[in-house]
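Chain residues, written in single-letter form:
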Amino acid sequence: MNPRTGHLLAACAILGAAGSVPAQTVPPYPPPQNVLQLQASGSVEVQQDLLTMNLTTAREGTDPAAVQGQLKTALDAALAEAKKTAQPGQLDVRTGNFAIYPRHNRDGKLSGWTGTAELVLEGRDFPRITQAAGRIQTLTMGGVSFGLSREQRAKVETDAQAIAIERFKVKAAELAKNFGFSGYTLREVAVMANEPGFQPVPRMATMQAKAMDASVPVEAGKSTVTVTVSGTVQLR
């Protein structure tokens, strides 16, 4: 036998033997013990400081271009009036929905076109917003809603979060003591805050109010911001 061939066969035999050895498995981690899962919440009620007014109008006709032109004229006039007293954060003005869609008769045939346009007034200065809405003559009131400004929500969330965290700590300490442990250490924790939405005012009431007075009367309510802290602690 060729010496080189013999060495090659010996190397193959060694590799084959090594490949036949079963792979060592890493032992699984032991399951956690004395781990407690809990959650606590903190809530703060705060006065709503953001007002949103939706002003709308509708037009009908057989010519879609004419309907669009009428809507644009009405919206441009409303925008010009609202911008006279606009101020960032106090009264922000923006356009909303603008749409034109076909109308059909009972036979399914095209009978005309209907269009709607919307202007949104939003901000923290309630008198400025309601007075601007009262001066607009080309649009009518479509809806009123209240909510929290970004600044107000951030401040209240901080307060609610502090309450939730303190309650979480007290609750964890009490449970640890009740289970016979001297204390605990944090393992995992999650903090979640709710997002209070806008609260609408009945549409009929707002439309009647605009018809009676040039300035639409409004009254804000309160919102509740809740922060929930949940997680696990290691009892010790």
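To be clear, the structure that these remarks concern was listed above.
Bear in mind that the values here come from a model prediction, so they are computed numbers and not experimental data.

Q: Explain the sheet that holds strand β6 (residues 184-193) to me, please; I cannot follow it from the model alone.
A: Hydrogen bonds along the backbone pair up the strands of a sheet, which may run parallel or antiparallel. A sheet is described by the order of its strands in space; here three strands give the open sequence β1-β8-β6, paired in antiparallel fashion. Edge strands, defined here as strands with exactly one partner in the open sheet, are β1 (35-47) and β6. Geometrically, the sheet is characterised by an average inter-axis angle of 20° between neighbouring strands, direction not taken into account. Judged from the 13 bridges that link them, β1 and strand β8 (residues 222-235) form a sheet pairing that is antiparallel. Residue pairing across strands places S41 opposite T228, the latter belonging to β8. Most of the contacts of helix α4 (residues 150-178) go to β1, to which it runs at about 145°, and overall it touches β1, β6 and β8.

Q: In this structure, what is going on with the packing of aromatic side chains? I would like to understand it.
A: Both the distance between ring centres and the angle between the ring planes are used here to describe each pair of aromatic rings. Going through the model one piece at a time under the given rule, you end up with one aromatic pair. With a centroid separation of 5.8 Å and 50° between ring planes, the pair formed by F126 and F146 is classed as tilted. You can see F126 sitting in helix α3 (residues 126-135) and its partner F146 sitting in strand β5 (residues 140-147), a full 20 residues away along the chain. The buried category is assigned to F126, whose relative accessible area is 16%.

Q: Before we go on, may I ask you to explain the pairing of β5 in this structure?
A: In the case of a regular strand, side chains alternate between the two sheet surfaces. Burial runs high along β5: seven of the eight residues are buried. Here strand β2 (residues 50-61) runs beside β5; their pairing, made up of seven bridges, is antiparallel. By the bridge assignment for β5, N54 is matched with G143.

Q: Can you help me understand the pattern of salt bridges in this one?
A: When charged atoms on two side chains of opposite charge get close, those side chains can pair. Applying the stated criterion across every chain, the model contains eight salt bridges. Ionic pairing is found between R94 and E122, a salt bridge with its closest N-O pair at 3.7 Å. Of the two residues, R94 sits in strand β3 (residues 92-104) while E122 sits in strand β4 (residues 110-123), which places them 28 residues apart along the sequence. The partner of K169 in a salt bridge is E166, and the shortest N-O contact between them spans 4.0 Å. Here the residue K169 and the residue E166 both occupy positions in helix α4, the gap between them amounting to three residues, near one helical turn. Here K169 falls in the partly exposed class, since its relative accessible area comes to 41%.

Q: Looking at this structure, how should I read helix α2 (residues 64-83)?
A: An α-helical turn contains 3.6 residues, so a residue and the one three or four places further along point in the same direction. Taking 1.5 Å as the rise per residue, α2 with 20 residues should run 28 Å; its terminal C-alpha atoms sit 28 Å apart, in good agreement. Buried within α2 are the following residues: V67, L71, A74, L75, A78, L79, E81 and A82. Angularly, the buried residues of α2 cover 165° about the axis, an arc narrow enough to put them on a single face. Projecting away from the buried face of α2 at angles above 90 degrees are the exposed residues A65, T73 and K83. Here the buried face of α2 lies against β2, β3, β4 and α3. Measuring from the backbone nitrogen of A65 back to the side-chain oxygen at the start of α2 gives 3.1 Å, which picks out D63 as the cap.

What counts and what doesn't
Along each chain, residues carry numbers from 1 onward, in the same order as the chain's sequence is written. The predicted origin of the model limits local features to residues at a pLDDT of at least 70 and limits the giving and counting of side-chain atom pairs to 80 or more, whereas totals for whole chains, interfaces and linings rest on all residues. Hydrogens and water are ignored here; the side-chain numbers use all heavy atoms of the structure. Strand pairing requires that DSSP identify at least two bridges connecting the strands. Helix numbering and strand numbering both begin at the N terminus, where a helix is a DSSP run of H or I of at least 4 residues and a strand a DSSP run of E of at least 2. Every axis in this analysis is a line fitted to C-alpha atoms, fitted for helices over the stretch in contact. Angles between the N-to-C directions lie between 0 and 180 degrees. Two residues qualify as a contact provided that any one of their heavy atoms is within 4.5 Å of a heavy atom in the partner residue. Ring pairs shown here join Phe, Tyr and Trp side chains whose ring centres sit within 6.5 Å, with only the six-membered ring taken for Trp; geometry is labelled stacked below 30 degrees between planes, edge-to-face above 60, and tilted in between. Categorising residues by exposure relies on relative accessible area from a 1.4 Å probe, with only protein chains included: less than 20% of the type maximum marks a residue as buried, more than 50% marks it as exposed, and the intermediate range marks it as partly exposed. The term salt bridge refers to a side-chain nitrogen of Lys or Arg lying within 4 Å of a carboxyl oxygen of Asp or Glu. Each helix should span, by expectation, one fewer than its residue count multiplied by 1.5 Å. Here the arc refers to the set of directions running from the helix axis out to each C-beta atom. Pairing of N or O atoms within 3.5 Å defines a polar contact, subject to two protein rules: one partner must be a possible hydrogen donor and the other a possible acceptor, and residues neighboring in sequence count only if both atoms are side-chain atoms.

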